[in-house]
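# Reading the structure
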Amino acid sequence: MSLKFEISFAKSARLNGGLAILLKDIDTELPAGATIVDPANVFAKAARVARYTGKGLNSLDIVAPEGSPADRIVIIGTGRYQELSAHDWLKLGGSAAARVKHVDKVAVFLDVPGGEASGKAAADFALGMLMRAYSFDTYKTKKNDDDDKVNGQKPIKVTVVTENAAAAKKLFADSEAIAAGVNIARDLVNEPPNVLGPVEFAAKAKELEKLGVEVEILTEKEMRKLGMGALLGVSQGSARPPRLAVMQWKGGKSKDKPVAFVGKGVVFDSGGISIKPGAGMEDMKGDMGGAAAVTGLMHTLASRGAKVNVVGVIGLVENMPDGNAQRPGDIVTSMSGQTIEIINTDAEGRLVLGDALWYTNDRFKPQFMINLATLTGAIVVALGGLHAGLFSNDDKLAEQLTAAGLATNERLWRMPLGKDYDKLIDSKFADMKNTGGRNAGSITAAQFLKRFVQETPWAHLDVAGTAMGSTQDEINQSWGSGFGVRLLDELVRANYEQ
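Conventions and cut-offs
Residues numbered from 1 in each chain as written. Predicted model: local features only at pLDDT ≥ 70, side-chain atom pairs only at ≥ 80, totals over all residues. Heavy atoms only, no water. Helix = DSSP H or I, 4+ residues; strand = E, 2+ residues; numbered from the N terminus. Buried < 20%, exposed > 50% of the residue type's maximum accessible area, 1.4 Å probe, protein only. Contact = heavy atoms within 4.5 Å. Areas by Shrake-Rupley, 256 points an atom, 1.4 Å probe, with all protein chains shown as cover. Lys, Arg positive; Asp, Glu negative; His and termini not counted. Charge placed at Lys NZ, Arg CZ, Asp CG, Glu CD. Pairing = 2+ DSSP bridges. Axes fitted to C-alpha atoms, helices over the stretch in contact; angles between N-to-C directions. Salt bridge = Lys/Arg side-chain N within 4 Å of Asp/Glu carboxyl O. Phe/Tyr/Trp six-rings, centres within 6.5 Å; stacked < 30°, edge-to-face > 60°. Core = buried A, V, L, I, M, F, W, Y, C linked by side-chain atoms within 4.5 Å. Polar contact = N/O pair within 3.5 Å; in protein donor to acceptor, adjacent residues only side chain to side chain.

Further remarks concern the overall build of the protein. Scanning the protein from N- to C-terminus turns up 15 helices and 17 strands. Taking the principal axes of the C-alpha coordinates as reference, the protein spans close to 80 × 50 × 40 Å. Burial analysis of the protein (498 residues in total) assigns 56% to the buried set. In the protein, the share of contacts with a sequence separation of at least 24, taken over all contacts with a separation of at least 6, comes to 79%. Working note: accessible area of the protein is about 20,600 Å², and carbon and sulfur atoms make up 49% of it. With 58 positive and 59 negative side-chain charges, the protein shows a spacing of 1 Å between the two charge centroids.

What follows is about the sheet that holds strand β4 (residues 72-79). If you trace the 6 strands from one edge of the open sheet to the other, you get β1-β6-β5-β2-β4-β3, paired in mixed fashion. In this open sheet, the two strands that pair with only one neighbour each are β1 (5-10) and β3 (59-63). Sheet twist, expressed as the mean angle between neighbouring strand axes with direction ignored, is 20°. Sheet topology note: the β1/strand β6 (residues 156-161) ladder contains 6 bridges and is parallel. Residue pairing across strands places Ser-8 opposite Thr-159, the latter belonging to β6.

Inspection of the entire model under this criterion finds 22 salt bridges. Its salt-bridge partner being Arg-72, residue Asp-61 comes within 3.0 Å of it at the nearest N-O pair. A residue pair is termed long-range when its members are at least 10 positions apart, and Asp-61 in strand β3 and Arg-72 in strand β4 qualify at 11 residues. Among the residues examined, Asp-61 registers a relative accessible area of 43% and is labelled partly exposed. You can call Arg-72 buried: its relative accessible area is 16%. Glu-497 is the partner of Arg-304 in a salt bridge, and the nearest nitrogen-oxygen pair spans 2.5 Å.

Turning our attention to the sheet that holds strand β7 (residues 214-218). The strand order across the open sheet built from 8 strands is β7-β8-β10-β9-β13-β17-β14-β15, with neighbouring strands paired in mixed fashion. Among the strands making up the open sheet, the edge pair consists of β7 and β15 (412-414). Strand-to-strand twist in this sheet, taken as the mean axis angle between neighbours without regard to direction, amounts to 20°. Judged from the 4 bridges that link them, strand β14 (residues 388-392) and strand β17 (residues 458-462) form a sheet pairing that is antiparallel. If you follow Leu-390 over to β17, its bridge partner there is Leu-461. Of the strands in this sheet, β7, β8 (243-250), β9 (259-269) and β10 (309-319) are in contact with helix α6 (residues 198-206), which crosses β10 at around 165°. Along the sheet face, helix α12 (residues 395-408) touches β13 (369-373), β14, β15 and β17 and points at about 160° away from the line of β14.

Once that is clear, we can look at the packing of aromatic side chains. All told, the structure shown has 7 aromatic pairs when counted by the stated rule. Plain terms: the ring middles of Phe-136 and Tyr-139 are 6.1 Å apart, the flat faces sit at 55° to each other, and that makes the pair tilted. On the basis of relative accessible area, Phe-136 is assigned to the partly exposed category, the value being 23%.

With that out of the way, let us pick up the environment of Ala-34. Looking at the element boundaries, Ala-34 is found in helix α1 (residues 34-37). Sequence separation between Ala-34 and Leu-23 is 11 residues, and the spatial gap between their C-alpha atoms is 9.5 Å. Ignoring anything within four residues of it in the chain, the contact list for Ala-34 reads Leu-22 and Pro-39.

A few words on the nonpolar core. Judged by nonpolar contacts, the single largest core of 113 residues is most densely connected at Phe-5, Phe-261 and Ile-370. Residue contributions to this core peak at 9 residues, all from helix α5 (residues 165-190). Look past the residues within four positions of Phe-5 in its chain and what remains in contact with it is Ala-97, Val-100, Met-129, Leu-130, Ala-133, Ile-156 and Val-158.

Here Thr-456 is to be found in the loop between α14 (441-450) and β17. Among the polar contacts made by the side chain of Thr-456, one reaches the side chain of Asn-361 at a distance of 2.7 Å. Residue contacts for Thr-456: discarding those within four places in its chain leaves Asn-361, Pro-366, Gln-367, Phe-368, Met-369 and Asn-393.

Our next topic: the environment of Thr-435. Structurally, the position occupied by Thr-435 is in the loop between β16 (432-433) and α14. The class of Thr-435 is buried, set by a relative accessible area of 17%. With residues up to four places along the chain from it excluded, the contact list for Thr-435 reads Ile-343, Asn-344, Ala-347, Arg-350, Leu-424 and Ile-425. One polar contact links the side chain of Thr-435 to the main-chain amide nitrogen of Gly-437, over a distance of 3.2 Å.

Looking now at unusual backbone geometry. Despite not being glycine, Asn-409 has its phi angle at roughly 65°, a positive value. Within the secondary structure, Asn-409 sits in the loop between α12 and β15. Asn-409 sits in the partly exposed class, given a relative accessible area of 31%. Positive phi is not limited to glycine here, since Ala-440 has a value of about 55°. Structurally, Ala-440 can be placed in the loop between β16 and α14.

Among the secondary structure elements, Lys-24 is positioned in strand β2 (residues 19-25). Sequence-distant contacts of Lys-24, that is, excluding residues within four places in its chain, are made with Glu-29, Leu-30, Pro-31, Phe-43, Tyr-52, Thr-53, Gly-54, Ile-75, Ile-76, Gly-77, Thr-78 and Gly-79.

The buried fraction of β4 is high, at 8 of 8 residues. Alternating residues of β4 divide into Arg-72, Val-74, Ile-76 and Thr-78 and Ile-73, Ile-75, Gly-77 and Gly-79, and every residue in both groups is buried. In this structure, β2 lies alongside β4, joined through 7 bridges in parallel fashion. Within β4, the residue paired with Leu-19 across the bridge is Arg-72. Sheet topology note: the β3/β4 ladder contains 5 bridges and is antiparallel. For Val-63, the partnering residue across the bridge sits in β4 and is Arg-72.

Next comes the structure, spelled out in structure tokens:
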């Protein structure tokens, strides 16, 4: 059960019990707010005994400090305060949230002696708190002893004390929209596959209408009329029907071309006839991490009123091996008219994306298209859980994405594309085959997708290592990370809003 924070900003705070969180610059003697929170200077003795200096994210916990108006003081080290990046502020916020237990009110002092947090830094700190607060235990009927920290789901009141409170308050509205979008994506990835099928996922997308997003849900009937044989071929072995959710946020001028995001939404991937090994197959509930990120992104952009026209398209299917499932050797015809020989039914995500990309490009004529997909295990071997793979036909778009990744710490690493790799997916019997084999598997998957984008600027993000089961850190303790929401929100904010 997630913590609930009610965060406000103020230039000062009057303490009467509760938790006080102070920041400590490694080069200064006292932490932020020390004269208010610790008039008896209990900190000095505690720091000396613990040999505490204020190194980055190191903490010192003082319970029932003498003479303090707070019941408990937590000091968190910043390292060198003036050198903190935006992501450092997020991590500080996450570290602070991790130390909130058994309280109903918290005061956080951000300004250290000789230094003030900017409004942006304060908003980032608060965003870090919101992101760390997330947990997914919906289906646990027994809670652990620490669960009274959620205080019966009554929000914990957090006052962030900083001289730049007014600027922070203004910026925090966007931070809340980002946190909500990330947590929606996390929820979707974490949901069990028996609960979240294509129809149920489409219903989640439909909920965005409350925010002013226009949402259309295409059924199997409409997709068959459009000729989406590649997507439908994946779904034909499942008793659960496929869906294509089309989301539009019209925040820009009516004449402006939209920007487009396309997500792979395989709600469960058994591998089909080319069935996966049983060990670890439960993780394949997360094979819709790309669609989850697109849905969360649309929520964020609509919530903060982004001044841009945006299209989000997610292809939603389940890949199962029944008597009607497609077979290796089958040939399907995509919406583009291109034919595809099925070599391996476990290379299904690119089939879903091929039709979804063609549909998006043909209907909306976007400025660019970016697709997200948990597409290949090969990218996990190459990059682990610390970078997503970036493939693109457009250097400018690739550079913008790389910069957004550095700004948010949702990092990307550009991988190659080329004619020699493209030859590896040529087929003897059709226009292409759906896999080029083990070698360069992530690259040949990207080459496959490239055949469905024509000349439109396009990028493919392979998030197999980052959307689920990625490295846990100060701002994410969840199996489903919500990777991509902050990255793409930053891309739009920095480059495409009016």
